[in-house]
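Report on the structure
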Amino acid sequence: MTRTFGQALLGLIAAAALLAALLAALLGAAHTASAQIRLNPAYGDEAQLGPNKARGAVVWSHGRSVETEDSNAPTPLYMKALRDAGWDVFRLDRMRVSDTLPNSSRALAAYAEELKGRGYQRVVLSGQSFGAFISLMAAGQTDRIDAVVGTAPAAFGNFSEAYDSWRDNATQLWPILRSVRSARVMLFFFHGDDFDPGGRGEPSRSILASRGLDNLVVDQPALLTGHGAANTGMFVRRFGACIVRFAEAPPVPNDPSCDEAWGRTPSAELMQAAATGPRSGASEPASGGARPFLGTWYGAYINGREVALSVDKVDGDTVYADYVLGPGMEPDQTIERARRKGRIENDELVFDEKGRNTLRYHVRSDGRLAATWLERSGKGRLETTLRRVN
């Protein structure tokens with residue numbers, strides 16, 4: 001049966017309509033994905049310096065969770081080090097529904113090009129976990145990225161929940177590093193990270209060096225453990241200045257050590273506070289249980305505050321000490337000193353006065369003190385190790 005001209009024309013119109021609908025759907029999906037991956041200022045309405053005054057623009061990318069929207073995750077403390085050094089700080093906020101490695105890395109690369117086009121002298125990408133992966137992938141899609149700082153890179157699950165794929169956090173990282181075009185790369189791998197298959201430091205250095213890319217790989221830094229170690233105050237205390245230097249320019253042989261000595265040697269301010277605390281008269285000879293705790297002990301909490309405990313008086317079963325907490329990461333977190341009254345309980349030194357935070361200490365086999373701080377409400381807990389300093 002032959003078709004009439006009118007029938008053929010109707011068929012062409014129908015086909016054109018179907019094609020238009022398909023194109024509209026594709027454009028709509030692209031627009032939706034774009035709307036769900038947005039570049040936002042990292043610190044809300046805080047004024048930025050702009051391309052003409054800022055040292056550069058840095059974009060932080062959060063991780064990806066299967067249960068929650070990581071776009072609600074706070075910007076890590078170390079980004080404030082860049083802000084304070086004169087950088088404009090942004091975040092790439094992504095909704096889970098469109099947050100895939102291809103989608104998000106393409107969007108990030110496009111935003112990097114946009115920032116360079118706006119006149120920023122430097123554009124640096126920084127990311128945690130999944131955010132580290134997309135930052136590295138974006139650096140393989142454009143030459144407009146000057147540096148990448150990746151912490152705990154991962155995109156394929158952890159050991160306990162994704163055993164079949166978690167090794168891909170290593171095997172899929174290698175081709176991504178090989179694809180980086182020109183950016184210098186700084187990577188951090190942490191001990192005790194359930195997403196880390198292990199052994200990624202040396203291969204990363206080797207791949208980046210073979211590409212002729214400036215790089216700095218920090219592998220298993222001491223006292224920083226777990227997948228979220230880069231979000232801590234201790235991390236920014238020790239590595240914040242190094243990250244700023246790396247963002248500014250490639251590393252050179254005479255650079256200061258990347259791993260700052262913070263937390264290893266007591267600050268003068270902390271020790272002065274520990275030495276000038278109130279005293280309650282002379283001590284009796286220390287009993288056997290209290291004797292190992294006498295003296296001044298020093299360490300640091302993961303939140304970025306130094307701590308000192310000066311045990312100086314024993315009165316029968318009662319032990320007196322000065323507890324000194326160094327300044328925190330925020331301006332209102334000033335140095336604190338408190339006189340504490342405690343006791344020996346089952347070879348443990350305990351301070352649990354009513355209405356105050358609880359402090360517990362016991363002597364480890366290596367002669368150091370295992371220290372635990374418990375918020376009086378029961379919600380907060382900090383642990384660290386103290387060493388004797390006198």
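Scroll up to find the structure.
All of the points below concern the structure found in this document. Since we're looking at a predicted model, the values are computed, not measured.

Of all the five residues making up strand S2 (residues 57-61), five are buried; the element is thus mostly covered by neighbouring parts of the structure. Side chains Ala57, Val59 and Ser61 of S2 all project onto a buried face; the interleaved residues Val58 and Trp60 project onto the opposite face, where all are buried too. Here five bridges tie S2 to strand S3 (residues 88-94), and the two strands are oriented parallel to one another. Residue pairing across strands places Ser61 opposite Leu92, the latter belonging to S3. With helix H2 (residues 78-84) bridging S2 and its parallel neighbour S3, the resulting β-α-β unit is right-handed. Two strands pair when backbone bridges link them, and S2 and strand S4 (residues 123-128) are joined in this way by five bridges, in the parallel orientation. Within S4, the position partnered with Val58 by the bridge is Val124.

To continue, consider the pairing of strand S15 (residues 381-388). Where a strand is regular, its side chains alternate between the two sheet faces. Pairing between strand S8 (residues 295-300) and S15: two bridges, direction antiparallel. Note that in S15 the partner of Tyr298 across the bridge is Arg387. In terms of strand pairing, strand S14 (residues 369-374) meets S15 through six bridges, oriented antiparallel. The residue bridging Leu374 from the neighbouring strand is Arg381, located in S15.

Once that is clear, we can look at the layout of surface pockets. Empty space within the largest pocket amounts to approximately 580 Å³. Lining of the largest pocket is provided by 28 residues; of these, Arg64, Ser65, Asp70, Ser129 and Phe195 occupy positions nearest its centre. If you go around the second largest pocket, you meet 17 residues; those closest to its centre are Leu223, Met234, Ala300, Thr384 and Thr385. Counting only elements with at least two residues in the lining of the second largest pocket, the list comes to S8 and S15. A per-element tally of the lining of the second largest pocket places S15 first, with five residues.

Before going further, it helps to examine helix H8 (residues 233-248). For H8, built from 16 residues, the straight-helix expectation of 22 Å at 1.5 Å per residue is met to within 8% by its first-to-last C-alpha distance of 22 Å. Of all the bends found along H8, the most pronounced is centred on Phe239 and spans about 55 degrees. Burial analysis of H8 places 13 of its 16 residues in the buried class, the great majority of the element.

On to the environment of Asn346. If you trace the backbone, Asn346 turns up in the loop between strand S11 (336-345) and strand S12 (348-351). Classification of Asn346 by relative accessible area gives exposed; the value is 74%. Residues Asn346 and His362 lie 16 residues apart in sequence; the distance between their C-alpha atoms is 9.4 Å.

Scoring rules and cut-offs
Residues numbered from 1 in each chain as written. Predicted model: local features only at pLDDT ≥ 70, side-chain atom pairs only at ≥ 80, totals over all residues. Heavy atoms only, no water. Buried < 20%, exposed > 50% of the residue type's maximum accessible area, 1.4 Å probe, protein only. Helix = DSSP H or I, 4+ residues; strand = E, 2+ residues; numbered from the N terminus. Pairing = 2+ DSSP bridges. Right-handed = clockwise from strand over helix to strand, strands pointing away. 1 Å grid on protein atoms, 1.4 Å probe; cavity = no way out; pocket = protein on both sides within 12 Å on 5 of 7 lines; lining within 4 Å. Points joined across faces, edges and corners; volume = space filled by probe spheres on them. Expected span 1.5 Å × (residues − 1). Bend = angle between axes of the 7 residues up to and from the residue.

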